[in-house]
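In case you want the letters, here they are:
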Amino acid sequence: MFSIITPTYNRAHTLDRVYTSLKEQTFKEFTWIIVDDGSTDNTNKLVEKWKSDNSNISIDYHLLKDNKGKPYAVNYGVKHAKEEFTIIADSDDSFSSTTLSDLKSIWDDNKLQSIGAIWTLVLDEDNRIVGDKFPEDRWLVDFKTRVLENHIKGEKWHCWRTGVLKSNKMFWSDESHIPEGITWNSINRKFDFLSVFG
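Thresholds applied
- Residues numbered from 1 in each chain as written.
- Predicted model: local features only at pLDDT ≥ 70, side-chain atom pairs only at ≥ 80, totals over all residues.
- Heavy atoms only, no water.
- 1 Å grid on protein atoms, 1.4 Å probe; cavity = no way out; pocket = protein on both sides within 12 Å on 5 of 7 lines; lining within 4 Å.
- Points joined across faces, edges and corners; volume = space filled by probe spheres on them.
- Helix = DSSP H or I, 4+ residues; strand = E, 2+ residues; numbered from the N terminus.
- Core = buried A, V, L, I, M, F, W, Y, C linked by side-chain atoms within 4.5 Å.
- Buried < 20%, exposed > 50% of the residue type's maximum accessible area, 1.4 Å probe, protein only.
- Phe/Tyr/Trp six-rings, centres within 6.5 Å; stacked < 30°, edge-to-face > 60°.
- Lys NZ or Arg CZ within 6 Å of the ring centre and 35° of its normal.

## Let's talk about empty space enclosed by the protein
Where empty space is left in the structure can be found by rolling a water-sized probe over the atoms.
So, step 1. What the rule picks out here adds up to 1 cavity of 30 Å³ or more.
So, step 2. A volume near 40 Å³ is recorded for the largest cavity.
So, step 3. Along the walls of the largest cavity sit Ile-87, Thr-99, Leu-103, Ile-118, Thr-120, Trp-157, His-158 and Cys-159, which together make up its complete lining.
So, step 4. Elements with a contribution of two residues or more to the lining of the largest cavity: α4 (99–109), β5 (115–121) and β7 (156–161).
So, step 5. Among the elements that take part in the lining of the largest cavity, β7 stands out by supplying 3 residues, more than any other.

The following block contains the structure:
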């Protein structure tokens, strides 16, 4: 049901956070796509160890020849995403044990085809909300309402329809950094987002 894409570059020292939290998921129907953006810190050996640990996690590992940055690595991962929904998890992120089961319940209840993604709040290590809260739970929102009228700021979790990401690649340039929000705002102009508290 889920493809979880983790772009990583020389983050073997933090990647275990993602791995451990994925092992603890109550819903197991997912593939973890690790896109190693040219790491030189033996990330590949760490991933091979995990793959041989019989942890019941499906891991799809890709080592890129050259470091090209997160947007490029995410786009590469999206090309390999085969599940209906995709989550982008940074190499130092972690999930609560019910994250995937909670998202499954929301997608199962949601019949609106206009929704491109579910957005949820992010908690820091002290369980404090990062950035702005949404005005309401299950807030169905377009670009104008989210960005221009409500100015929602701060980090959020995103669970995307995979087809939306495949047809709306992250903006990438080898000459300058393009913030992720530029891509998300572009997508939100075409698709509504469902913003939830949980």
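## Points about the nonpolar core
So, step 1. Ranked by size, the top nonpolar core spans 31 residues in total, and within it Phe-2, Ile-4, Trp-32 and Ile-87 carry the most contacts.
So, step 2. Counting 23 residues, the second-largest nonpolar core is a separate cluster that includes Ile-5, Val-74, Ala-81 and Trp-139.

## Re the packing of aromatic side chains
So, step 1. The full count for this structure, using the stated rule, is 13 aromatic pairs.
So, step 2. Between Trp-160 and Phe-193, the ring centres sit 5.4 Å apart and the planes meet at 85°, which makes this aromatic pair edge-to-face. With Trp-160 in strand β7 and Phe-193 in strand β8 (residues 192–196), the pair connects residues that are 33 residues apart, well separated along the chain. Of the two residues examined, Trp-160 and Phe-193, each falls in the buried class.
So, step 3. Members of the aromatic cluster, joined through ring pairs, are Phe-2, Phe-27, Phe-85 and Trp-107.
So, step 4. Across the ring face of Phe-197, the terminal group of Lys-133 is positioned such that the distance to the ring centre comes to 5.1 Å.
So, step 5. Here the guanidinium or amino end of Arg-189 rests over the ring plane of Phe-143, the centre of that ring lying 3.9 Å away.

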